[in-house]
Amino acid sequence: MTINRTHDQRAGSWVASAQATACDFPIQNLPFGVFRRAGSSEHFRGGVAIGDQVLDVGAAASKGAFSGAALAAATACGRRTLNELLALGPAAWHALREALFDSLHANAGPAARDALASCLVPQREVEMALPTHIGNYTDFYTSIHHARNVGRVVRPDDPLTPNFQWMPIAYHGRASSVVVSGTPFHRPMGQAMPPGAKAPVYGACARLDFELEMGVWIGPGNPLGQPVPIAQAEAHVFGMCLLNDWSARDHQFWEMAPLGPFLGKNFCTSVSPWIVTLEALAPYRVPFERPAGDPLPLAYLDDPAVRAGGSLDVQLEVRLQSPVHRARSLAGDRLSATSFRHQYWTVAQMVAQHTVGGCNLQSGDLLGTGTISGPTPGEAGALVELSAGGTRAVPLQSSGEERRFLQDGDCVILRGWCERPGAARIGFGECRGEVLPAVES
Ligand code: CA
């Protein structure tokens, strides 16, 4: 994925809000989501964020704003989900990106402006839906720092499993409980085995946690039995979002041996509504590197392009806003900040591993990257790490509270953005979710 004119840092849009300082959605971003006017009976349909507006892409297509491959992609974007757009592949996505960039550019002609201006809807007036019908959701485990931090809680003498440095490991998750940002969820009920107890207890999760992750949205799928070679893996990826893999640690640690996570993970997974395309992320690629002495990937997980630029420098942060924060109109406290570049495995390696045995990915499928924890303690992407398994309190400075795990009413807010000299700053918006009390049964 090369840098092209749609990444030009100097480009501006005739949509004035796209130039606002720290705006997540300048003309260099153009992320895709599914929206409708809030409280309306309109159909949900695909749109593109620009400044504080949503461009109704299907409406713009029907006004004659696009032609050729861009028109076909824009028409697919106008459906109730983005599955059809995602199935079209990189050439169609690139054609639509260029057409959107030109039409929204400050130098666009009056005809293009007039056609698109009537297709803008303020973001504050819309509700967002999941971007695709998600057929399958798989959650990886690709941060070596997270694996070591959590491994110390479960297996203090041997925190890293022997497979971790040889392949991106994952479990098959539950697509039906993936929700869009802003959707609250109930604290789950389940079984846990308290330390030293002889029999498990049934009740509301006592160790509710978040996991800072990114989501990977699959573009064209692969036929059953035909693996995706690593050199072609990124052509099967449309883009990325923020993802919170809410986790019931007490339930999870009791149930996960030997078959892996089940109820500890399947009650809710939240995603941010906007998909930032791989093409928009091109300026923020960084080399995939391994510490000296670590094993190099096996040949089927190795590729010159991955080595040269397979990692992505996405800045990430986690905030917690408690009911006390909200009562005092406080934004909440930052619990963690890190970069996606520290992951031990890349997106291309995840796709290659997922399909190497012949498993078929389908358009609109979702992959989670696994918790993103950086190398230092303040970069841990889950409370179980920040509180060392609940043994030390994490202070919430601005409200004077502390947390070991999440309480009812807590709202966790993930944010992500990319910035570097010579490129525009682009953002992912936010992924927000609130913990509601358990429904006792
Ligand atoms: Ca996870």
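Right above here is the structure, for reference.
Reading the values: the criteria
Residues numbered from 1 in each chain as written. Predicted model: local features only at pLDDT ≥ 70, side-chain atom pairs only at ≥ 80, totals over all residues. Heavy atoms only, no water. Donors = N, O, S within 2.8 Å, 3.2 Å for Na, K, Ca; no water. Helix = DSSP H or I, 4+ residues; strand = E, 2+ residues; numbered from the N terminus. Buried < 20%, exposed > 50% of the residue type's maximum accessible area, 1.4 Å probe, protein only. Salt bridge = Lys/Arg side-chain N within 4 Å of Asp/Glu carboxyl O. Contact = heavy atoms within 4.5 Å. Pairing = 2+ DSSP bridges. Axes fitted to C-alpha atoms, helices over the stretch in contact; angles between N-to-C directions. 1 Å grid on protein atoms, 1.4 Å probe; cavity = no way out; pocket = protein on both sides within 12 Å on 5 of 7 lines; lining within 4 Å. Points joined across faces, edges and corners; volume = space filled by probe spheres on them. Nonpolar A, V, L, I, M, F, W, Y, C, P; charged D, E, K, R; others polar. Core = buried A, V, L, I, M, F, W, Y, C linked by side-chain atoms within 4.5 Å.

1. Details of the coordination of the calcium ion
1) Next: Protein-derived ligands of the calcium ion are Asp 139 (OD), Glu 211 (OE), Glu 213 (OE) and Asp 245 (OD), with the metal-ligand distances lying across 2.2 to 2.3 Å.
2) Next: In terms of primary sequence, the donors binding the calcium ion are separated according to D-x71-E-x1-E-x31-D. Separated by 32 residues along the polypeptide, Glu 213 in strand E13 (residues 212-218) and Asp 245 in the loop between strand E14 (237-244) and strand E15 (247-248) bring together distant segments of the chain.
3) Next: On the basis of relative accessibility, which here comes to 0%, the residue Asp 245 falls in the buried class.

2. Some points on the environment of Gly 182
1) Next: One can find Gly 182 in the loop between strand E8 (178-180) and strand E9 (185-186).
2) Next: The sequence separation of Gly 182 and His 251 amounts to 69 residues, and the corresponding C-alpha distance is 25 Å.

3. Notes on the pattern of salt bridges
1) Next: Under the definition given, this model contains 27 salt bridges.
2) Next: Between Arg 5 and Glu 98 there is a salt bridge, and its shortest N-O distance comes to 3.5 Å. Remark: Glu 98 occurs in helix H4 (residues 90-104) and Arg 5 occurs in the segment before strand E1 (32-37); sequence separation between them is 93 residues.
3) Next: When its relative accessible area of 40% is taken as the criterion, Arg 5 is described as partly exposed.
4) Next: Using a relative accessible area of 22% as the deciding quantity, one classes Glu 98 as partly exposed.
5) Next: Each of Glu 317, Arg 319, Arg 334, Arg 415, Glu 430 and Arg 432 takes part in a single network of salt bridges with overlapping partners.

4. As for the side chain of Thr 346
1) Next: As for its placement among the helices and strands, Thr 346 is situated in the loop between strand E21 (333-339) and helix H10 (347-355).
2) Next: The contacts of Thr 346, once residues within four sequence positions are left out, are Phe 288, Val 306, Gly 310 and Ser 311.

5. Comments concerning the sheet that holds strand E4 (residues 120-122)
1) Next: The 5 strands are arranged E4-E3-E2-E1-E5 in an open sheet whose pairing can be described as antiparallel. The open sheet terminates on both sides in strands that have one partner only, identified here as E4 and strand E5 (126-129). This sheet shows a mean twist of 50° between the axes of neighbouring strands, independent of strand direction.
2) Next: Where strand E2 (residues 45-50) lies against strand E3 (residues 53-56), 4 bridges are found, and the strand directions are antiparallel. By the bridge assignment for E3, Val 48 is matched with Leu 55.

6. As for empty space enclosed by the protein
1) Next: A full pass over the atoms with the stated rule returns 2 cavities of 30 Å³ or more.
2) Next: Roughly 40 Å³ of volume is contained in the largest cavity.
3) Next: Lining the largest cavity are Gly 310, Ser 311, Leu 312, Phe 340, Arg 341, Gln 343, Trp 345, Thr 346 and Val 347.
4) Next: Its residues placed into classes, the lining of the largest cavity shows 4 nonpolar, 4 polar and 1 charged.
5) Next: Residue lining of the second largest cavity: Glu 234, Leu 278, Arg 285, Gly 310, Leu 312 and Val 347, and that is the complete set.
6) Next: Residues that form the lining of the second largest cavity fall into these classes: 3 nonpolar, 1 polar and 2 charged.

7. Structural notes on the sheet that holds E9
1) Next: Strand order in this open sheet of 5 strands is E9-E26-E25-E20-E21, and the pairing throughout is mixed. A strand with exactly one partner marks an edge of an open sheet, and here the two such strands are E9 and E21.
2) Next: Where strand E25 (residues 411-418) lies against strand E26 (residues 426-436), 7 bridges are found, and the strand directions are antiparallel. Bridge pairing in E26 places Trp 417 opposite Gly 427.

8. A word on the nonpolar core
1) Next: Residues Phe 210, Met 240, Trp 246, Leu 281, Phe 340, Leu 406 and Phe 428 are the most contacted members of the largest nonpolar core, which totals 64 residues.
2) Next: With 5 residues, H10 is the single largest residue contributor to this core.
3) Next: Once residues within four sequence positions are removed from consideration, Leu 406 is found in contact with Arg 187, Leu 208, Asp 209, Phe 210, Trp 246, Leu 320, Leu 383, Val 412 and Val 435.
4) Next: In terms of nonpolar packing, the next biggest core, distinct from the first, is built from 47 residues, Val 34, Leu 100, Val 178 and Leu 366 among them.

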